[in-house]
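Topology and contacts: notes
Given next are the chains, with one letter for each unit.
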Amino acid sequence: MPEVKTSQFVTASAAAMLDPKLRRALDRVGVGFDVARRSAISEVTEEAWEEWREEARSIKIHTLDHLDYYLELLHDNVTAAGGQVHFAADAAEANAIVSHLAQNRGVKVATKSKSMVSEELELNPVLESLGIEVYETDLGEYIIQLAGETPSHLVAPALHKSKEDVAELFAAKLGLPYDEDIERMAAAARTALRDKFMQADLGISGANFVVAETGTLVIVTNEGNGRLCTSAPRMHIGITGMEKVIPSMQDLAIFLRLLPRSATGQRISSYVSMVTGPRREDDEDGPEEFHLILVDNGRSRMLRDPKLREALYCIRCGACLNICPVYQRVGGHAYGWVYPGPIGAVVSPMLTGLKESKSLPQASSLCGACREACPVKINIPRMLLELRHRTAESENPQERASSRSERFLAGAYARLMRTPGRMALAARIGRIAQRLLPGMPKPSSSKNRSWISRVPLPLLSRWTRARDLPPLPSKSFRQVWQDELSEDTRG
Amino acid sequence: MADSRPDGKAANDGNENLPGRPKAEFLRSVREALGRPPSGSGRAVPPAQPYHRLEETLPHLEAQAVELEARLRENRPLLLDSFAEMAARGGWNVHRVSGVEAAIGRVDSLMSELGAARIVRSGQPVFDDAPVDNALEGRGIQVTAIVQGERAERAQLRQEIRRADVGLTGTDYALAETGSLVIMPRRGLSRLVSLVPPVHVALVRPEEVLESLHDLFLLRRLEYHRRGGEMGSYLNFITGPSRTADIEMTIVQGVHGPKTVHLVLIE
């Protein structure tokens, strides 16, 4: 598995927010992807969209509830089509299967189309250590491979790179003259990769869906690299998380309507490719061998957990990233592992462990925008709250996200809230303190009141380091009720 | 079933001792995660409430397909209009022509506009109806046809496709809902003809146009069951040119696939 840096979220996100280049890149996400998504939805009407989401969700619920059955059906039908299915409990097993197949078949060059699971497995260095050349062929993935980085977005992996960055990278790594014209850079990548496609012995792809009924792997792409990877080499290995299975070929209609619209606002992507086994005897071309690797790698932990199982319904469209106020501020890398954004804040703690990723569930304002945007209606805020609850209550101190002083404050607050007398007393003390302490705004009940940005008291000063507090109003609600409102209702 | 060895090892393949988890063990752990008791038979237990689509039998699907055909026939003129409109919105250059002669003429003039010197063409029935080769060759364009029945040497075929200026194909289906062509590579139809050359030109016949994704998957599913569980190795939706927006979210056409795509709709 790639290095897990989720524990550095607090420092990484603080640094990311100060990066003006990243700021510009992230601004494009909101205005680009999310606006396109909304316009695609309004074209089909909100009502139709809502029906599709419901149907897709119910298909996912059913399939995941009977995952063992559908995996076996998938296995049988891939096998019947002449392909081979492999099961991998973790990243090491998946990498061992690919390595074995590559070495055994004398593979020298492999081309890859975009696969988030293979990022999770950190497959490339394993193959490279065997002397195999591995080329990422999605333009965004190619860029970050050349740069030695990791994807920062589920759909647009090189989102954080400016055209100047890419031009410098191509000049340094491909020996091309510096040219920041985007069209010409895309053409340069086409040229550089065309030969690799034709030389490759092995094509590796992910899967957006796998159909149990027919044993079909489905990839949704725009560039054409996915088609080349699954057509030109003599062997194709598809690698996918086991949750990607759907029961019937006919289920695809609904998912192919939801995924491109949610991801990029397209009615459909340029290409959808469906692979069922290797080339047949009288096909003109296509791989002689087809392998499908179904990966668990922590997913059964999510399956086992009824409160978090629905994270497995995710179709990796990235809509929740594009709309998230936290993702839009900090970008993908701050999340510290393969899956960023709101869904990543649920998935990473489950796949890498709560101890490492305990800060991620805190990285949300719980505004609920992710849930609204999700094409399969995953209740991400509920799961983030659940994980926060676990980080707060965990027996294991290493899984606790809060400091001792934060827990002390929360405990004290809870005790106050339970006793009206103490609460009133504390509020009175608070009002006095608010008047006496330096740097406090004037108490007021008006709507445009100023905020307390720093409380010069031991524990509260830390609390307010990254948060503003509303000042206490001159009258508490209880007082207002007693003095004014209750009179009104009686009168 | 391939999973025949009693020890459950090498569930994937008889000859090779591959790394990875045996199928039985993997599925057992999934089952256990779902909180279900292990199955007695060693095979997964089907859902108590069966999935409605998988319950449909071949006669069900046949009956739905008959209805579908009737609906398509009735709506054909409207369907062709909406297909042409959605295809244009999806990035195709759409040419509507009436009759085979006009189609051949259109392909011919298109090739001269494109300045094509070498063309690879798939061997599909549409080219029996609309034989384009003579006209093109008369202009001095080299046409390499992938002729059904002949097994072109693989490497040589690939070289021809790489050198071609234009790939010329028919289609298996066309979808009004998305403006897509759906092509199923097989004998006579290389996977690469519509992909590797910088320009793709496709001929579409009215009877190939379906209304929706639902229509397509119903027909494919029916065909799969009719053929006793054979899907064919490959199926591709093509909607407009190859695209990327991976650098600064700026859309560029023609990154790994064709930059320009033309569609000749023969009415």
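1. Here we look at the overall build of chain A
- Across its full length, chain A carries 23 helices and 10 strands.
- In terms of overall dimensions, chain A has C-alpha extents of about 90 × 55 × 50 Å along its principal axes.
- Counting all 491 residues of chain A, 57% fall into the buried class.
- If you sum the accessible surface of chain A, you get close to 19700 Å²; carbon and sulfur atoms cover 53% of it.

2. Focus on the interface of chain B and chain A
- Between chain B and chain A, the contact holds 94 residues from the first and 111 residues from the second.
- Buried surface at the junction of chain B and chain A, summed over both partners, amounts to about 8900 Å²; 54% is from carbon and sulfur atoms.
- Considering only the surface of chain B that becomes buried against chain A, Ile247, Glu248 and His256 of chain B emerge as the three largest contributors, covering 9% of it.
- The tally of links from chain B across to chain A stands at 14 salt bridges.
- Of the charged contacts in the structure, one is a salt bridge between Arg304 of chain A and Glu32 of chain B, with a shortest N-O distance of 3.2 Å.
- Seen at the junction of chain B and chain A, the total is 53 residue pairs in polar contact (both at pLDDT 80 or more).
- When residues of the side of chain B that touches chain A are traced back to their parent elements, those giving at least two are helix H1 (23-33), helix H2 (52-55), helix H3 (58-89), helix H7 (154-163), helix H8 (213-226), strand E9 (234-238) and strand E10 (243-244) of chain B.
- For the side of chain B that touches chain A, the residue count by class is 42 nonpolar, 24 polar and 28 charged.
- Direction of pairing for strand E9 (residues 271-275) of chain A relative to E9 of chain B: antiparallel, over a ladder of 5 bridges. Counterpart to Val272 of chain A in the pairing with E9 of chain B is Phe237 of chain B.

3. A closer look at the nonpolar core
- Counting residues in hydrophobic clusters, the biggest one holds 165 residues, and the most contacted among them are Phe209, Ile239, Leu252 and Ile343 of chain A together with Phe83, Phe217 and Phe237 of chain B.
- One finds Val109, Leu146, Leu193 and Met198 of chain A within the second-largest nonpolar core, a separate group that totals 34 residues.

4. Re the packing of helix H8 (residues 139-147) of chain A against helix H9 (residues 163-174) of chain A
Residues and elements named next belong to chain A.
- Interaxial distance between H8 and H9 falls to 10 Å at its minimum, and their mutual angle equals 60°. As the angle between them shows, H8 and H9 are arranged oblique. When the axes of H8 and H9 are compared, the crossing they make is left-handed. For the pair H8 and H9, contact is made by Leu139, Tyr142, Ile143, Leu146 and Ala147 and by Val166, Leu169, Phe170, Lys173 and Leu174, respectively.
- Considering only residue class, the contact of H8 with H9 consists of 9 nonpolar, no polar and 1 charged.

5. Quick notes on the domain arrangement of chain A
- When cut into domains, chain A gives domain 1 (6-163 + 201-300) and domain 2 (404-490).
- Relative to domain 2 of chain A, the C-alpha centre of domain 1 of chain A lies at a distance of 50 Å.

6. A look at the sheet that holds strand E6 (residues 180-183) of chain B
- Ordered by their spatial adjacency, 8 strands build an open sheet running E8(A)-E5(A)-E6(A)-E9(A)-E9(B)-E6(B)-E5(B)-E8(B), and the pairing between neighbours is mixed. Unpaired on one side and paired on the other, strand E8 (245-246) of chain A together with strand E8 (209-210) of chain B mark the two borders of the sheet.
- Where E6 of chain B lies against E9 of chain B, 3 bridges are found, and the strand directions are antiparallel. When the bridges of E9 of chain B are listed, Val182 of chain B appears paired with Phe237 of chain B.

7. As for the packing of helix H4 (residues 67-80) of chain A against H1 of chain B
- Where H4 of chain A contacts H1 of chain B, the two axes come as close as 8 Å, and the packing angle between them is 155°. Relative to H1 of chain B, the element H4 of chain A is oriented roughly antiparallel. Contacts between H4 of chain A and H1 of chain B involve Leu67, Asp68, Leu71, Glu72, His75 and Asp76 of chain A on the former and, on the latter, Lys23, Phe26, Leu27, Val30 and Arg31 of chain B.
- In terms of residue class, the contact of H4 of chain A with H1 of chain B is made up of 5 nonpolar, 1 polar and 5 charged.

8. Topic: the environment of Leu217 of chain A
Residue and element names in this part refer to chain A.
- Take Leu217: it is sitting in strand E6 (residues 216-221).
- Judged by its relative accessible area of 0%, Leu217 falls in the buried class.
- Spatially, the C-alpha atoms of Leu217 and Val166 are 32 Å apart, while their sequence positions differ by 51 residues.
- Once residues within four sequence positions are removed from consideration, Leu217 is found in contact with Ser205, Gly206, Ala207, Phe209, Val210, His236, Gly238, Ser273, Met274, Val275, Phe290 and Leu292.

9. A closer look at empty space enclosed by the protein
Residue and element names in this part refer to chain A.
- The final tally for this structure, using the stated rule, is 6 cavities of 30 Å³ or more.
- By volume, the largest cavity amounts to about 120 Å³.
- If you go around the largest cavity, you meet 17 residues; those closest to its centre are Cys324, Pro342, Ser364, Ser365 and Cys370.
- Contributing elements (two or more residues each) for the lining of the largest cavity: helix H15 (325-330), helix H16 (341-352), helix H18 (369-373) and helix H19 (380-393).
- No other element matches the 3 residues that H16 contributes to the lining of the largest cavity.

10. Digging into the sheet that holds strand E1 (residues 93-97) of chain B
All names here are of chain B.
- If you walk across this open sheet you meet the 6 strands as E1-E12-E7-E4-E2-E3, and the pairing is parallel. Looking along the sheet, the strands with just one partner apiece sit at the ends: E1 and strand E3 (142-145). When the angles between neighbouring strand axes are averaged without regard to direction, this sheet yields 20°.
- In this structure, E1 lies alongside strand E12 (residues 260-266), joined through 5 bridges in parallel fashion. Residue pairing across strands places His95 opposite Val264, the latter belonging to E12.
- Docked against the sheet, helix H4 (residues 100-114) engages E1, strand E2 (118-121), strand E4 (166-169), strand E7 (199-204) and E12, running at close to 165° with respect to E12.

11. Thoughts on the packing of aromatic side chains
Residue and element names in this part refer to chain B.
- Here the structure, examined in full by the defined rule, presents 10 aromatic pairs over all chains.
- Considering the side-chain rings of Phe217 and Phe237, the 6.1 Å spacing of their centres and the 35° angle between planes classify their relative orientation as tilted. Separated by 20 residues along the polypeptide, Phe217 in helix H8 and Phe237 in strand E9 bring together distant segments of the chain. Of the two residues, Phe217 and Phe237, both sit in the buried class.

12. Comments concerning H3 of chain B
Residue and element names in this part refer to chain B.
- End to end, H3 covers just 36 Å across 32 residues, shorter than the expected 46 Å (1.5 Å per residue, more than 12% under).
- At Arg76, H3 shows its maximal bend, which comes to roughly 75°, and the proline Pro77 appears one to four places after that position.
- The positive-phi residue at the C-terminal boundary of H3 is Gly91, with phi of around 110°.

13. Looking at the confidence of the model for chain B
- A residue-level look at chain B finds 92% of positions with pLDDT of 70 or above and a mean pLDDT of 91.
- Within the model, the stretch residues 1-14 of chain B combines pLDDT values under 50 with 23 contacts to residues more than four positions away or in other chains.

14. As for the state of the cysteines
- According to the stated counting rule, one finds 0 disulfides over all chains in the structure shown.
- Here Cys367 of chain A is not cross-linked by a disulfide; its sulfur's nearest cysteine counterpart is in Cys370 of chain A, at 6.3 Å.

15. Notes on the pattern of salt bridges
- Summed over the entire model, instances satisfying the criterion amount to 54 salt bridges over all chains.
- In this structure, Glu54 of chain A and Lys377 of chain A form a salt bridge, with 2.6 Å as the shortest nitrogen-oxygen distance. Of the two residues, Glu54 of chain A is situated in helix H3 (residues 46-65) and Lys377 of chain A in the loop between H18 and H19; the sequence distance between them amounts to 323 residues.
- For Glu56 of chain B, the salt bridge goes to Arg221 of chain B, with nearest N and O atoms at 3.0 Å. Within this pair, whereas Glu56 of chain B is found in the loop between H2 and H3, its partner Arg221 of chain B is found in helix H8, the two being separated by 165 residues in sequence.

The rules behind each value
- Residues numbered from 1 in each chain as written.
- Chains lettered and ligands numbered in written order.
- Predicted model: local features only at pLDDT ≥ 70, side-chain atom pairs only at ≥ 80, totals over all residues.
- Heavy atoms only, no water.
- Helix = DSSP H or I, 4+ residues; strand = E, 2+ residues; numbered from the N terminus.
- Buried < 20%, exposed > 50% of the residue type's maximum accessible area, 1.4 Å probe, protein only.
- Areas by Shrake-Rupley, 256 points an atom, 1.4 Å probe, with all protein chains shown as cover.
- Contact = heavy atoms within 4.5 Å.
- Buried area = accessible area lost by both parts, 1.4 Å probe.
- Salt bridge = Lys/Arg side-chain N within 4 Å of Asp/Glu carboxyl O.
- Polar contact = N/O pair within 3.5 Å; in protein donor to acceptor, adjacent residues only side chain to side chain.
- Nonpolar A, V, L, I, M, F, W, Y, C, P; charged D, E, K, R; others polar.
- Pairing = 2+ DSSP bridges.
- Core = buried A, V, L, I, M, F, W, Y, C linked by side-chain atoms within 4.5 Å.
- Axes fitted to C-alpha atoms, helices over the stretch in contact; angles between N-to-C directions.
- Parallel < 35°, antiparallel > 145°, perpendicular 65-115°, else oblique.
- Left-handed = near helix turned anticlockwise from the far one by under 90°.
- Domains from an automatic or database assignment.
- 1 Å grid on protein atoms, 1.4 Å probe; cavity = no way out; pocket = protein on both sides within 12 Å on 5 of 7 lines; lining within 4 Å.
- Points joined across faces, edges and corners; volume = space filled by probe spheres on them.
- Phe/Tyr/Trp six-rings, centres within 6.5 Å; stacked < 30°, edge-to-face > 60°.
- Expected span 1.5 Å × (residues − 1).
- Bend = angle between axes of the 7 residues up to and from the residue.
- pLDDT = per-residue confidence, 0-100.
- Disulfide = S-S within 2.5 Å.

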